[in-house]
Amino acid sequence: MKIAFIGAGYVGLVSAVGYALAGNDSVCIEIDERKIAQINGGKAPIYEGGLDDALLKLTRDGKLLATSDYNGIASAQAIFICVGTPSAQDGSIDLRYIEDSCAKIASILPKMKGYPIVVVKSTVIPGTTSGLVKGILEKGSKLRAGRDFGLAMMPEFLREGTALADFKHPDRIVIGTMDEKTRKVLMGLHSKFPGEKLIVSPSAAEMIKYASNSFLATKISFVNQLALLCEKTGIDVDDVARGMGLDNRIAMPFLRAGPGFGGSCFPKDVRALMHFSGKEGVEPTILESVMLVNSLQPLWLIGAAQEKMPLKGKTICILGLAFKPDTDDVRESPAIPVISQLLKMGCKVLAYDPKGMANFKKLFPKLDYANSMDDALKGADACMIITDWKEFKKPIAHYERLMKNPLILDSRRILDPKTAITASYISLGRGIA
Ligand code: UGA
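**A look at the packing of helix 10 (residues 266–279) against helix 11 (residues 285–296)**
- Relative orientation of the contacting elements helix 10 and helix 11 amounts to 150 degrees, with a least axis distance of 9 Å. Regarding the angle of helix 10 to helix 11, the classification is roughly antiparallel. Crossing of helix 10 against helix 11: the hand is left-handed. Facing P267, V270, R271, L273 and M274 of helix 10, the residues of helix 11 in contact are L287, E288 and M291.
- Of the residues in the contact of helix 10 with helix 11, the class split is 6 nonpolar, no polar and 2 charged.

**Digging into helix 8 (residues 202–232)**
- Here helix 8 is 31 residues long and its end C-alpha atoms lie 46 Å apart, about the 45 Å a rise of 1.5 Å per residue gives.
- Two residues or fewer after helix 8 comes G234, characterised by a positive phi angle close to 70 degrees.

**Observations regarding the pairing of strand 4 (residues 78–81)**
- Burial along strand 4 is two-sided: the residues A78 and F80 and I79 and I81 are all buried.
- When strand 1 (residues 2–6) meets strand 4, the two strands line up parallel, connected through 4 bridges. By the bridge assignment, I6 is partnered in strand 4 with I81.
- A crossover connection joins strand 4 to the parallel strand 5 (residues 117–120) through helix 4 (residues 96–108); in handedness this β-α-β unit is right-handed.

**Regarding the domain arrangement of the chain**
- According to the domain assignment, the chain consists of domain 1 (2–200) and domain 2 (220–433).
- Inspection of the domain 1/domain 2 interface yields 1 salt bridge.
- In this structure, R331 engages E160 in a salt bridge whose closest nitrogen and oxygen atoms are separated by 3.9 Å.
- Taken together, the connections running from domain 1 to domain 2 amount to 5 residue pairs in polar contact (both at pLDDT 80 or more).
- Of the residues in the side of domain 1 that touches domain 2, the class split is 5 nonpolar, 6 polar and 3 charged.

**Section: the site of the ligand**
- As a structural note, the neighbourhood of the ligand is formed by 19 residues, with L158, E160, K209, N213 and C265 the closest of them.
- Within the backbone of F157, a nitrogen or oxygen atom sits 3.0 Å from an oxygen atom of the ligand.
- Measuring from a nitrogen atom of the ligand, one finds a backbone N or O atom of R256 at 2.8 Å.
- Burial of the ligand by the protein amounts to 95% of the accessible area it has alone, namely 710 Å².
- When residues of the shell around the ligand are traced back to their parent elements, those giving at least two are helix 8 and helix 10.
- The element that contributes the greatest number of residues to the shell around the ligand is helix 8, accounting for 3 residues.
- Partitioned by chemical class, the residues of the shell around the ligand number 9 nonpolar, 2 polar and 8 charged.

Cut-offs applied
- Residues numbered from 1 in each chain as written.
- Predicted model: local features only at pLDDT ≥ 70, side-chain atom pairs only at ≥ 80, totals over all residues.
- Heavy atoms only, no water.
- Axes fitted to C-alpha atoms, helices over the stretch in contact; angles between N-to-C directions.
- Helix = DSSP H or I, 4+ residues; strand = E, 2+ residues; numbered from the N terminus.
- Parallel < 35°, antiparallel > 145°, perpendicular 65-115°, else oblique.
- Left-handed = near helix turned anticlockwise from the far one by under 90°.
- Contact = heavy atoms within 4.5 Å.
- Nonpolar A, V, L, I, M, F, W, Y, C, P; charged D, E, K, R; others polar.
- Expected span 1.5 Å × (residues − 1).
- Buried < 20%, exposed > 50% of the residue type's maximum accessible area, 1.4 Å probe, protein only.
- Pairing = 2+ DSSP bridges.
- Right-handed = clockwise from strand over helix to strand, strands pointing away.
- Domains from an automatic or database assignment.
- Salt bridge = Lys/Arg side-chain N within 4 Å of Asp/Glu carboxyl O.
- Polar contact = N/O pair within 3.5 Å; in protein donor to acceptor, adjacent residues only side chain to side chain.
- Near = heavy atom within 4 Å.
- Areas by Shrake-Rupley, 256 points an atom, 1.4 Å probe, with all protein chains shown as cover.

Structure representation (structure tokens):
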């Protein structure tokens, strides 16, 4: 099947690669010429494990192509809309890229053969596909959804860092459509993928995406608050999480306490669901608490350090700027509030991240960045671990050798307290070793 992807951002590109690897032909429609050149040269514009290799092979084999020309979709059988839906000021989502791409698709739809299918992959609030999207497509093309072309909403559940593996092994595939022909085509396209296929209405599909991300964020805020309580009472939060997670009804994933969730999805999606809920007259009480806990959580690092020494004028080493390991993405990273607060308090900050420094420099151009973890540690009065990169998992004695004053605050509990000789090692949810 030939599939067009509108937007070669993270979702669009990974999906284009994933479907092409499954034997389809992918064409990415992208406005950014620099991205187009990179993709056609077999290089991913984002850092994502395995993507470069796959892209190189697919572009060489002619199975994947990027272009800015919307006419590239005319010969496709399905069009996946994968444009961004950024947060607006009030927490709602900004639909301008969806509107724009739908208007362009509408102008091409009449030229397409057979029964083309338009699939919304972007995260949109319930009602968007059967309302705004359908409206623009029908008005612009003078065709009817369900009669002349198919319409569906299929949320994506890929995680940055493991996106290609997630694509190949989904837990479930949600197909939101009211139209039998569309259902058949999309079931056929996904017949070789594992995971349960769930057929629901487009609005339910839209809600499943927000509900899933918001529920995972709730799990994290729950365990994060529990971690603070465990720490005060001398209990190891990981023991508690394991004990809870072994109950199938609760399940282990997303019970790892840390400095709070970040990234381009959880914060944005929880805010959007809160906004939508409020608009519909349902007070989003749980979600408000989830966000409140998340805004306070990164500051644990500062509070715990302050209990040991006054921070003004001290040199603080920050390990980890990406919102999670194996990505260069720093959007809504807990490192942002931590570093902002340290700078306000008059600290000297030296930061290091294996992949995220280039992106972080765009937010904090004047910050001091180290070339390696060891350089960042040299002479520091305290070290704060924010991201659980593998390379930070060293014996605490290694930290001690380099730091001036070995005070280590570990918000991810990645170091082994038994490897400390003289250091003051404090880990979130476990307290002082
Ligand atoms: C998340 C979802 O996991 C995907 O299913 C979804 O498709 C994606 O959002 C999206 O909507 O596009 P992602 O943002 O890539 O994926 O990252 P996650 O691995 O889910 O981590 C999110 C944040 O939660 C990170 O800051 C991470 O450090 C934090 N986290 C995660 C914890 O603090 N504890 C945990 O136990 C798990």
